[in-house]
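Coordinate analysis (summary)
Chain by chain, the residues run as shown.
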Amino acid sequence: MLEIYAGKNALKTIQDQGFKQELFTNFLGASGGPKWFTLFGLDKYLFGDFFQGRNTELNLIGSSAGAFRAAALTQNNPIQAIERLAHTYANTVYSKKPSAKEIASTAVDIVDQLFSKNGADEVINNNVFKAHFLVAKCNGLTAFDNKLMQGAGLIKSILLNKMDRRLLANQYQRYIFKHPSSNLTIDDPYNFSNVYQNLTSDNIKSALLASGSIPMVMSGVKHIDGAVKGTYRDGGIIDYHFDFSLGNNGADKQMLESETAEHGLTLYPHFSSEPKAGWFDKNSTRKVLTSSYDNTVLLAPSKKFINSLPFKKIPDRTDFTKLDATTRIKYWQKVLKETDKLAECFNELIMKQDLANIKAFQP
């Protein structure tokens, strides 16, 4: 049901020390819209059991749907918050041909319900579980909401990405909206510019909204308090499934016994065992760099599990248009329920410390 892959350093560390939560200093959450529903059971188990009682910092880094998960899982009651997010998103219904304004307005409602009354303050004040939202600041034609101009900019992005992913840095800049006391660093082999911006009560909602603002579908967020003026869009443009490594200048080196002490390990529940770097790599044969995953443990549903789901696939955004609302909601709710099986598999591994089935990560 559940497949587990570990990078070179991560595999050695776990084999030497066992699979325990203290080894992890980072947690990744990818873009992908409702695809994250396949991780719902794991999220509940990880933050309701595996990391429960933790007193050393864990950085949660997410783009788009992954940022929304980070915003839920760093609240005081992470299980309640992630259930609230899943329920709200799964039951979202649009008109037959929703405008960008309607979709953006719905996203604002999802953000408001996710944070509820005190959630935003809880995220900012949580000194153990620290949220980071990845956002792409757009330059040139991609900054326009006019579809012709934006579309031309995105075509340019596709062409640049085909030549060299590094060229996208001319159009996009990575913003990391981070917990105020976080010392997280992103080491990007493609040299995107990183801007680290503290989350505050004045920008947390707009930063999260920006991280999920899909090009050509939603309007870009034009102003985020504390950040320079510009157009901010979906963090998945740059960081769809991630191709970078993480460091933490403030890590407690005594907490870890391995050579990865300075950086710690990264836990990455993901809906695919074949991550793609950026949004423009979705249909590309380009693979992520093995070195980016040296310290990462990736958890992914098996093909057997996926084939057991309705329609034999995981949810995706096309379900909004291909299925009527009643069918879609029933299907998504079934998936959310079924993902408890993945949590049970992971729990069994932790209890038995059965590490033989952990595979070496090879993109």
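Please refer to the structure placed before this passage.
Heads up: these notes are all about the structure in this document. Predicted model, so just to flag it, every value in this text is computed and none were measured. (Residues numbered from 1 in each chain as written. Predicted model: local features only at pLDDT ≥ 70, side-chain atom pairs only at ≥ 80, totals over all residues. Heavy atoms only, no water.)

As a further point, take the nonpolar core. Counting 85 residues, the largest nonpolar core has F19, F133 and F346 as the members making the most contacts within it. If we skip the residues at most four places from it in the chain, F133 touches G62, A67, A70, A71, Y175, I176, F177, L199, I204, A207 and L208. Ranked by size, the runner-up nonpolar core spans 18 residues in total, among them I61, I186, F244 and V288. (Core = buried A, V, L, I, M, F, W, Y, C linked by side-chain atoms within 4.5 Å. Buried < 20%, exposed > 50% of the residue type's maximum accessible area, 1.4 Å probe, protein only. Contact = heavy atoms within 4.5 Å.)

Another point: the layout of surface pockets. In this structure, the largest pocket encloses a volume near 970 Å³. Taken together, 38 residues form the lining of the largest pocket, with Y89, Y94, I214, R317 and F320 sitting closest to its centre. Of all the secondary structure elements, the ones that give two or more residues to the lining of the largest pocket are helix 3 (65-73), helix 4 (78-90), helix 5 (100-115), helix 10 (319-322) and helix 11 (325-338). Looking at the lining of the largest pocket, its residues break down into 21 nonpolar, nine polar and eight charged. Approximately 470 Å³ is the volume attributed to the second largest pocket. Residue composition of the lining of the second largest pocket, by class: eight nonpolar, five polar and seven charged. (1 Å grid on protein atoms, 1.4 Å probe; cavity = no way out; pocket = protein on both sides within 12 Å on 5 of 7 lines; lining within 4 Å. Points joined across faces, edges and corners; volume = space filled by probe spheres on them. Helix = DSSP H or I, 4+ residues; strand = E, 2+ residues; numbered from the N terminus. Nonpolar A, V, L, I, M, F, W, Y, C, P; charged D, E, K, R; others polar.)

Another aspect to go through is the pattern of salt bridges. As enumerated under the stated definition, the model contains 17 salt bridges in all. Of the charged contacts in the structure, one is a salt bridge between D188 and R174, with a shortest N-O distance of 3.1 Å. Here the residue D188 occupies a position in the loop between strand 6 (184-187) and strand 7 (194-198), and R174 occupies one in strand 5 (residues 172-178), the gap between them amounting to 14 residues. A salt bridge links R286 to D281; the nearest nitrogen and oxygen atoms lie 2.8 Å apart. Relative accessible area serves as the criterion here: at 22%, R286 is assigned to the partly exposed category. The class of D281 is buried, set by a relative accessible area of 1%. Via salt bridges that share partners, D145, K222 and R233 belong to a single interconnected network. (Salt bridge = Lys/Arg side-chain N within 4 Å of Asp/Glu carboxyl O.)

Here we take up a nonpolar patch on the surface. A grouping of L141, F144, L148 and M149 is seen on the molecular surface, where their side chains present a nonpolar patch of about 390 Å² in accessible area. Given the relative accessible area of 32%, M149 is considered partly exposed. (Patch = residues over 30% accessible without salt bridge, like charges linked within 9 Å, V, L, I, M, F, W, Y side chains within 5 Å. Areas by Shrake-Rupley, 256 points an atom, 1.4 Å probe, with all protein chains shown as cover.)

The next point concerns the side chain of E122. Inspection of the secondary structure puts E122 in helix 6 (residues 119-125). The buried charged residue E122 lacks any salt bridge, with R84 as its nearest oppositely charged partner at 6.5 Å. Once you skip the residues sitting within four places of it in the chain, E122 turns out to touch T74, Q75 and N76. (Lys, Arg positive; Asp, Glu negative; His and termini not counted.)

Most of strand 5 is tucked away: seven of the seven residues are buried. Covered by surrounding structure in strand 5 are Y172, R174, I176 and K178 together with Q173, Y175 and F177, the residues of both alternating faces. Bridge analysis of strand 4 (residues 129-138) against strand 5 gives seven bridges, and the strand direction is antiparallel. Residue pairing in the sheet places L134 in a bridge with I176 of strand 5. (Pairing = 2+ DSSP bridges.)

Okay, the packing of helix 4 against helix 11 next. To describe two helices that pack against each other, one gives the angle between their axes and the distance between the axes. In the contact formed by helix 4 and helix 11, the axes pass within 10 Å of each other and the chain directions differ by 155 degrees. One element, helix 4, and the other, helix 11, form an angle in the roughly antiparallel class. Seen along the crossing, helix 4 lies across helix 11 with a hand that is right-handed. For the pair formed by helix 4 and helix 11, the contact residues are A86, Y89 and A90 on the first element and R328, I329, W332 and L336 on the second. Among the residues forming the contact of helix 4 with helix 11, the class breakdown is six nonpolar, no polar and one charged. (Axes fitted to C-alpha atoms, helices over the stretch in contact; angles between N-to-C directions. Parallel < 35°, antiparallel > 145°, perpendicular 65-115°, else oblique. Left-handed = near helix turned anticlockwise from the far one by under 90°.)

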